[in-house]
Amino acid sequence: MTNWAALRDRLREVAQQPILDLFADESRAQTFSISLESSETGEIFFDYSKTNIDQSTRDALLELAREAGVEDRREAMFSGAAINETEGRAVLHTALRNLDAEVLVDGSDVMPDVRATLARMESFARDLRDGRIRGSSGRITDVVNIGIGGSDLGPAMAVQALSPYCDGPACHFVSNVDGAQIQQVLDGLNPDTTLVIVASKTFTTIETMTNAQTAKAWMARSVADPARQFVALSTALDKTAAFGIDPARVFGFADWVGGRYSMWGPIGLSLMIAIGPENFRAFLAGAAQMDQHFRSAPLGENMPAMLALVGIWHRQVCGYPARAVLPYDQRLARLPAYLQQLEMESNGKRVSMDGADLEVPSGPIVFGEPGTNGQHAFYQLIHQGTDIVPCEFLLAGKGHEPALAHQHRLLAANCLAQAEALMRGRSLEEARALMAETGLEGDELERQARHRVFPGNRPSTMLIYPKLTPAVLGAIIALYEHRVFVEGVVLGINSFDQWGVELGKVLAGEILPMLEGQAPAAARDGSTAGLVDKLRDFGI
């Protein structure tokens, strides 16, 4: 059983210790940071010194990870064991980017199929980008990826993040069953020169298939055989054939690849089309480098493990309910949403592997926005609100706009300043002095000063990388994937199922006929029945 009591004892000892005081140790910044350097990414640097984790606390956290079996579980994952126990599956998204070594599942090497699928994707992407695969009246100019959840969030985030490398057809993403989204995307496109990718492993996902049928009907208005301009990312060959998609344009993936971990394979086809197969290979190589580090580095020097243990300390021990992901990189605008799914769908559980209730809170609420925009939105609450929100900053050493390097320096200055301000704060005495300089006195000085107090002692981490390249993005995503894995192992939960999404889908299927007037709503609860009736009054 996990020894949470020892960590709670540590919390009582360090709770009142200001983070800033820990820097009396001049080596703290070096001791509480990890550097990872590779030929693919350059140096990636993770600093967690602006937390109240001291040496004894770190030792206790590392012991917690060892007691939970993180190292054994890690090896089991990479070796193809069925660690997704509720579904009886291996968890091998790492195999999609480990293109050399043998990986066995049930005694069979899965890598020949992985390499063959990647080669098919690369051939298709090159032919499309070079104009050998064409639309009904010319080169493909636009690609529409229709998916939802992991079939959308990953590639949509990555295409935006790697926009300086996007020299292929323009990629657009549709995920919401709300017709407004697909209408808005398709309105600006020419059906004759558009390719549609339908991403659904089972080819039954209701939102995705509804949008796919809408796109097919849109294309049929001017294209004689619209299915010729469709690609499927699916394992359901019977259903893709019924839709009319050529089997040569169907790319499947094994059940040991979970949706939110899937963009390394066929789900990443839109990204490969956008940035090209060579840059996609670099994306895989950056992730593989992080995999190698995670698999081999001792836990105390292991970037994903320490990122996870910082998260465990803040959420399960300190009790902070939320976590802010704050990329000071506009192209990573969708990263917080991507990590929101990765973390909250993976570790938003209430029972452990054996079905027992968890004795500590599960995963945190994850949110965020790029800096500096967020500074003018929710940072007010982070700095002066009554809840402490640990912050995770991300920052590049260089941008992709050398002529605007002065703006990147301003961006970096803001990022570093926010982290320091969260830690340092502003005391009442400092605020009084500030108000005295404006000429205020007496009660008014005191009143105004109190509004300008920053409690400080609010923790943050910083991830710095040289530049947002395909390899660096791959490493960052793999870093967070492994972080989620370690947190799940420590909590004793299965991070690779998602039963929480099922109930709402079932109930939606029951309610839809009521909205269509094909079934009475009276059998539902009073609120739901009344809302159905009201919507029908509105003409739904």
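Further up the page is the structure itself.
What counts, and where the lines are drawn
Residues numbered from 1 in each chain as written. Predicted model: local features only at pLDDT ≥ 70, side-chain atom pairs only at ≥ 80, totals over all residues. Heavy atoms only, no water. Pairing = 2+ DSSP bridges. Helix = DSSP H or I, 4+ residues; strand = E, 2+ residues; numbered from the N terminus. Axes fitted to C-alpha atoms, helices over the stretch in contact; angles between N-to-C directions. Contact = heavy atoms within 4.5 Å. Buried < 20%, exposed > 50% of the residue type's maximum accessible area, 1.4 Å probe, protein only. Salt bridge = Lys/Arg side-chain N within 4 Å of Asp/Glu carboxyl O. Parallel < 35°, antiparallel > 145°, perpendicular 65-115°, else oblique. Left-handed = near helix turned anticlockwise from the far one by under 90°. Nonpolar A, V, L, I, M, F, W, Y, C, P; charged D, E, K, R; others polar. Patch = residues over 30% accessible without salt bridge, like charges linked within 9 Å, V, L, I, M, F, W, Y side chains within 5 Å. Areas by Shrake-Rupley, 256 points an atom, 1.4 Å probe, with all protein chains shown as cover. Core = buried A, V, L, I, M, F, W, Y, C linked by side-chain atoms within 4.5 Å. Right-handed = clockwise from strand over helix to strand, strands pointing away. Arc of directions from axis to C-beta. Disulfide = S-S within 2.5 Å. Phe/Tyr/Trp six-rings, centres within 6.5 Å; stacked < 30°, edge-to-face > 60°.

## Overview of the sheet that holds strand E2 (residues 42-47)
- Strand order in the open sheet made by the six strands is E1-E2-E15-E14-E12-E13, with mixed pairing throughout. Each edge of the open sheet is held by one strand with a lone partner, namely strand E1 (33-38) and strand E13 (365-367). Adjacent strand axes in the sheet meet at a mean angle of 15°, parallel and antiparallel pairs treated alike.
- Direction of pairing for E1 relative to E2: antiparallel, over a ladder of six bridges. The residue of E2 that forms the bridge with Ile34 is Phe46.
- Of the strands in this sheet, strand E12 (322-328), E13 and strand E14 (391-396) touch helix H13 (residues 335-347), which is tilted by about 165° from E13.
- Against the sheet, helix H15 (residues 405-424) engages E12, E14 and strand E15 (460-465), with an angle of about 160° to E14.

## Some remarks on the pairing of E14
- Taken across its six residues, E14 has six buried, putting it largely inside the fold.
- Alternating positions in E14 separate into two faces, Cys391, Phe393 and Leu395 on one and Glu392, Leu394 and Ala396 on the other, with burial throughout.
- Note: E12 against E14, five bridges, orientation parallel. Note on E14: the bridge partner recorded for Leu326 is Phe393.
- The sheet contact formed by E14 and E15 spans six bridges and is parallel. Within E15, the residue paired with Leu395 across the bridge is Ile464.

## Re the pattern of salt bridges
- One pass over the full model with this rule turns up 28 salt bridges.
- The salt bridge involving Glu481 is made with Arg97; its shortest N-O contact spans 2.9 Å. In this pair, Glu481 is assigned in helix H18 (residues 470-491) and Arg97 in the loop between helix H4 (70-78) and strand E3 (104-105), connecting sequence segments 384 residues apart. Comparing Glu481 with Arg97, the two get one shared label, buried.

## A closer look at the packing of H13 against H18
- Relative orientation of the contacting elements H13 and H18 amounts to 20°, with a least axis distance of 10 Å. When the axis of H13 is compared with that of H18, the two are roughly parallel. Both H13 and H18 take part in a crossing whose hand is right-handed. Between H13 and H18, the residues in contact are Tyr338, Leu339, Leu342, Glu343, Ser346 and Asn347 and Ile477, Tyr480, Glu481, Arg483, Val484, Glu487 and Gly488, respectively.
- Of the residues in the contact of H13 with H18, the class split is six nonpolar, three polar and four charged.

## Details of the sheet that holds strand E10 (residues 230-233)
- In spatial order, the strands read E8-E7-E9-E10-E11; together these five strands make up an open sheet with parallel pairing. Looking at strand neighbours, the two that pair on one side only are strand E8 (170-174) and strand E11 (250-251), the edges of this open sheet.
- Across four bridges, strand E9 (residues 194-199) lies against E10 in parallel orientation. In the sheet register, Ile197 faces E10, and the bridge partner there is Val231.

## Here's the deal with a nonpolar patch on the surface
- There is a patch of nonpolar side chains on the surface, built from Leu503, Val506 and Leu507 and spanning about 270 Å² of accessible area.
- Its location among the elements puts Leu503 in helix H19 (residues 502-515).
- Leu503 sits in the exposed class, given a relative accessible area of 59%.

## Details of the packing of helix H1 (residues 4-14) against helix H3 (residues 55-68)
- Two numbers describe how H1 lies on H3: the axes approach to 10 Å, and their chain directions differ by 165°. Between H1 and H3, the angle falls in the class roughly antiparallel. Seen along the crossing, H1 lies across H3 with a hand that is left-handed. Contacts between H1 and H3 involve Trp4, Leu7, Arg10 and Val14 on the former and, on the latter, Ser56, Thr57, Ala60, Leu61 and Leu64.

## Observations regarding the nonpolar core
- One finds Trp256 and Leu473 to be the most contacted residues of the largest nonpolar core, which totals 115 residues.
- No other element matches H18, which puts 14 residues into this core.
- Formed by 22 residues, the second largest nonpolar core is a distinct cluster that contains Val185, Met209, Ala215 and Trp218.

## Points about the pairing of E9
- Extensive coverage of E9 is indicated by the burial of six of its six residues.
- In E9, alternate side chains face the same way, and those of Thr194, Val196 and Val198 on one face and Leu195, Ile197 and Ala199 on the other are all buried.
- With five bridges joining them, strand E7 (residues 142-146) and E9 adopt parallel strand pairing. Note on E9: the bridge partner recorded for Ile146 is Val198.
- In terms of handedness, the path from E9 via helix H8 (residues 206-220) over to E10 forms a crossover that is right-handed.

## A closer look at H4
- Within H4, the full set of buried residues consists of Val70, Arg74, Met77 and Phe78. Within H4, the buried residues cover an arc of 90° as seen down the axis, which keeps them to one side.
- Among the structural elements, H3, helix H11 (277-296) and H18 are those in contact with the buried residues of H4.
- Just downstream of H4 lies Gly80, where phi reads positive at about 90°.

## Section: the state of the cysteines
- Enumeration over the complete set of coordinates arrives at zero disulfides.
- Here Cys166 is not cross-linked by a disulfide; its sulfur's nearest cysteine counterpart is in Cys171, at 6.8 Å.

## Section: the packing of aromatic side chains
- Summed over the entire model, instances satisfying the criterion amount to 14 aromatic pairs.
- Centre to centre, the rings of Phe124 and Phe251 are 5.8 Å apart; their planes meet at 65°, and the pair counts as edge-to-face. Remark: Phe251 occurs in strand E11 and Phe124 occurs in helix H5 (residues 111-129); sequence separation between them is 127 residues. There is no split in this pair, since Phe124 and Phe251 are both buried.
- Centroid distance Phe485 to Phe496: 6.4 Å. Interplanar angle 40°. Geometry classified as tilted.

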